[in-house]
Amino acid sequence: MSKNAEMNNQAIIALSEKHVMKTYARQPVAFVRGKGAYLWDADGKKYLDFLAGIAVNGLGHSHPAITAAVANQAARLIHTSNLFYNQSQAELAELLCKNSFADKAFFCNSGAEANEASVKLARIYQKQKKGEGCFEILTMEKSFHGRTLGMIAATGQDKVKKGFEPLPEGFRHIPYDDLPALAAAVNDKTCAVLLEPVQGEGGVRYHSPGYLQGVRELCQKHSALLIYDEVQSGMGRTGRLFAYELSGVAPDIMSLAKSLGAGLPIGACLATDAVAQAFQPGSHASTFGGNFLVCEAAKAFMGILLSNGFLEQVRKNGACLVESLRGLQKKHPFIKEVRGEGLMIGIELEIPGRPLVEAALAEGLVINAAQEKILRLVPPLIIGKREIDEAIEILDDVFARASGGAAG
Ligand SMILES: *Cc1c(COP(=O)(O)O)cnc(C)c1O
């Protein structure tokens, strides 16, 4: 088959509407090229990308280290299955373990799958440790853990569950950042507590100081495992390699995905040796999981993340962006709160976010809304002062027109 002629936005949209299932309310733009923090659509318009593929493209677009790693590996060997050993996978596992609480990694292809692995590992571990009835996983209200049947059951938002019942049993939701609620719910039959150290889809919500310490103590007391879903908050997003470093409280199991492969689809479940031994040959599997191509991309990304001064720069730029946004808050009173660590930033509004997302896109800035009234900024980790100033200028304009609209 010959390569199709290049299409404009309108043609791509028309073809998609005809043949792609409508699971997303998409913005009317089709990107065709990217470089650093910038994207170009099929009509040639340039955008500043402060969404990064939903916290996926940690190094922005077309980063030479990722391009080279993928191109070289694609020319050598892409996939052989997990029936054989794989140097790239072993090296990535070593990198992740050496830089976290973990001793072992399991690789899959997405965030939902990483969480499925984490929950399955906790279940099988506790079946051996605590016995048959100890399967309940406590998760948080407003959490998001993915779209498989298991993970919509785990997710603490009704909108993802509706219409798909019956869902797998054994999940109970409790309020986030609420130790008394957890203390009331956890008992000796609890299998695990699953939570995001920063809630992403739930509206970029940070917990209070001391919360994870309290969760850890309650888990300890009842021999429940602690699972972190760092699919969104991990891999440098908060200016630390993992968000749990902000509190220093390590989990037993942790899920990663999103930016792990710097744009390539890879997920991981990490665990301590004590817990990971519950998985034996045949327990769990993934055909594609951790193949050569995605692991080489992840290794190249981690090499840069861990290089001297990189995460420090993320913290510095994050602080600068948050400060500038708080400056905008003073000018635009419908902004209730600006919160963020590193480059995981939420802007809580008194008005719906979607029209602002659309207005920003029209002005060449890509952002999105997590929950109805919360804007989410998760730009590539490589942005600097220039990109921050440009984004602030556009947002100032978008906010000014929104207040004008609200006043008039
Ligand atoms: C995005 C996300 C997921 C789901 O990841 P998929 O790759 O879409 O399956 C799970 N947990 C969190 C915290 C996420 O942000």
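Presented here is a report on the structure given in the accompanying data block. On a predicted model such as this, the values are computed, not experimentally measured, just so you know.

1. Description of the overall build of the protein
Next up, step 1: Within the protein one finds 13 helices and 17 strands.
Next up, step 2: Overall size of the protein, expressed as C-alpha extent along the three principal axes, is 60 × 55 × 45 Å.
Next up, step 3: Within the protein, buried positions represent 52% of all 408 residues.
Next up, step 4: Counting only contacts in the protein whose residues sit at least 6 apart along the sequence, the fraction spanning at least 24 positions is 72%.
Next up, step 5: Entry remark: accessible area of the protein is about 18600 Å², with carbon and sulfur atoms responsible for 54%.
Next up, step 6: The averaged location of the 43 negative side-chain charges in the protein is 2 Å from the averaged location of its 43 positive side-chain charges.

2. Comments concerning the site of the ligand
Next up, step 1: All residues in the neighbourhood of the ligand are listed as Ser110, Gly111, Ala112, Asn115, Phe144, His145, Gly146, Glu196, Asp229, Val231, Gln232 and Lys258.
Next up, step 2: Burial of the ligand by the protein amounts to 81% of the accessible area it has alone, namely 380 Å².
Next up, step 3: Broken down by element, the shell around the ligand gets its largest block of residues, three residues, from helix H5 (residues 111-129).
Next up, step 4: Its residues assigned to classes, the shell around the ligand shows three nonpolar, six polar and three charged.

3. Some details on the sheet that holds strand S17 (residues 374-377)
Next up, step 1: The strand order across the open sheet built from four strands is S13-S14-S17-S16, with neighbouring strands paired in antiparallel fashion. Only two strands of the sheet have a single neighbouring strand rather than two, namely strand S13 (335-341) and strand S16 (368-369).
Next up, step 2: For strand S14 (residues 344-349) and S17, the ladder comprises four bridges, and the chain directions are antiparallel. Paired with Glu348 across the two strands is Ile374, which belongs to S17.
Next up, step 3: Across the sheet, helix H11 (residues 310-331) is in contact with S13, S14 and S17; its angle to S13 comes to roughly 175°.

4. Focus on H5
Next up, step 1: Relative to the 27 Å expected for 19 residues at 1.5 Å per residue, H5 spans 27 Å between its end C-alpha atoms, a close match to the ideal helical length.
Next up, step 2: Turning to H5, its buried residues are Gly111, Ala112, Ala114, Asn115, Ala117, Ser118, Val119, Leu121, Ala122, Tyr125 and Gln126.
Next up, step 3: Of the residues that open H5, the one with a side-chain oxygen 3.2 Å from the backbone nitrogen of Glu113 is Ser110.

5. A short note on the sheet that holds strand S10 (residues 225-229)
Next up, step 1: As summarised here, the arrangement of the seven strands in space is S4-S12-S11-S10-S7-S5-S6, forming an open sheet in which the pairing is mixed. Two strands bound the open sheet, and with one partner strand each, they are strand S4 (104-108) and strand S6 (171-174). The sheet shows a mean angle of 20° between the axes of neighbouring strands, taken without regard to direction.
Next up, step 2: For strand S7 (residues 190-195) and S10, the ladder comprises four bridges, and the chain directions are parallel.

What counts as what
Residues numbered from 1 in each chain as written. Predicted model: local features only at pLDDT ≥ 70, side-chain atom pairs only at ≥ 80, totals over all residues. Heavy atoms only, no water. Helix = DSSP H or I, 4+ residues; strand = E, 2+ residues; numbered from the N terminus. Buried < 20%, exposed > 50% of the residue type's maximum accessible area, 1.4 Å probe, protein only. Contact = heavy atoms within 4.5 Å. Areas by Shrake-Rupley, 256 points an atom, 1.4 Å probe, with all protein chains shown as cover. Lys, Arg positive; Asp, Glu negative; His and termini not counted. Charge placed at Lys NZ, Arg CZ, Asp CG, Glu CD. Near = heavy atom within 4 Å. Nonpolar A, V, L, I, M, F, W, Y, C, P; charged D, E, K, R; others polar. Pairing = 2+ DSSP bridges. Axes fitted to C-alpha atoms, helices over the stretch in contact; angles between N-to-C directions. Expected span 1.5 Å × (residues − 1). Polar contact = N/O pair within 3.5 Å; in protein donor to acceptor, adjacent residues only side chain to side chain.

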